[in-house]
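Each chain, letter by letter, is given below.
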Amino acid sequence: GIQVEQSPPDLILQEGANSTLRCNFSDSVNNLQWFHQNPWGQLINLFYIPSGTKQNGRLSATTVATERYSLLYISSSQTTDSGVYFCAVSILTGGGNKLTFGTGTQLKVEL
Amino acid sequence: DSGVTQTPKHLITATGQRVTLRCSPRSGDLSVYWYQQSLDQGLQFLIQYYNGEERAKGNILERFSAQQFPDLHSELNLSSLELGDSALYFCASSGREATIYFGEGSWLTVV
């Protein structure tokens, strides 16, 4: 199956700092999503980004499908950004959409 | 709020017992997914249903079963529970787009 690797595994930032999270995947995919899991366990969609670049407020993401990686940028980090960030990918076939998740990046933003 | 509703949010049960987790997808979504999140296995895809039919299957144990009903809600049945089944179980749904939206999860503790 598809392998998804995320780096770094852990990250501690001071409030206001910027960061880049990376996701590498082993095969060509046509579905890639970034999620944020907050301290209460909720998985929140950040981006659907199988290719290209998207921005949403302080967050942006870029996927280079041909090189099999995606980047999530967090600017001017806030304490509410703390949690685990997951990258998940799938190959859409015959209606099946089986997301394979990476192991996540645990982010802690401190005052 | 993703629009995906899961019940119950928390449950504690004894080994050997059976539980049913319920999920209502977002309005109009035909696909329903079940995922398990545990500390040692991470986020694992269990099964996908599309408009009442099984569409994709992942690492779902034989003791577990799921179904999607005509009104599109889904249930995940977990039987002969073991301590290792303690986990956060997510339901998710998607529509015409590939973006998958997750519910808040059901925390299962087996004692």
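Bear in mind that the values here come from a model prediction, so they are computed numbers and not experimental data. (Residues numbered from 1 in each chain as written. Chains lettered and ligands numbered in written order. Predicted model: local features only at pLDDT ≥ 70, side-chain atom pairs only at ≥ 80, totals over all residues. Heavy atoms only, no water.)

Caption draft 1: View of the pattern of salt bridges. Counted by the stated rule, this structure contains six salt bridges over all chains. One salt bridge in this structure joins A:Asp81 and A:Arg58, with 2.8 Å as the shortest N-O distance. Separated by 23 residues along the polypeptide, A:Asp81 in the loop between strand S8 (69-74) and strand S9 (83-90) and A:Arg58 in the loop between strand S6 (52-56) and strand S7 (59-64) bring together distant segments of the chain. Relative accessible area serves as the criterion here: at 8%, A:Asp81 is assigned to the buried category. For A:Arg58, a relative accessible area of 26% corresponds to the partly exposed category. Salt-bridge contacts for B:Glu75 lead to B:Arg22; the nearest nitrogen and oxygen are separated by 3.9 Å. Placement of B:Glu75 in strand S8 (residues 74-78) and of B:Arg22 in strand S3 (residues 19-24) is noted, with a sequence separation of 53 residues between them. On the basis of relative accessible area, B:Glu75 is assigned to the buried category, the value being 18%. Through salt bridges with shared partners, a single network forms among B:Arg63, B:Glu82 and B:Asp85. (Salt bridge = Lys/Arg side-chain N within 4 Å of Asp/Glu carboxyl O. Helix = DSSP H or I, 4+ residues; strand = E, 2+ residues; numbered from the N terminus. Buried < 20%, exposed > 50% of the residue type's maximum accessible area, 1.4 Å probe, protein only.)

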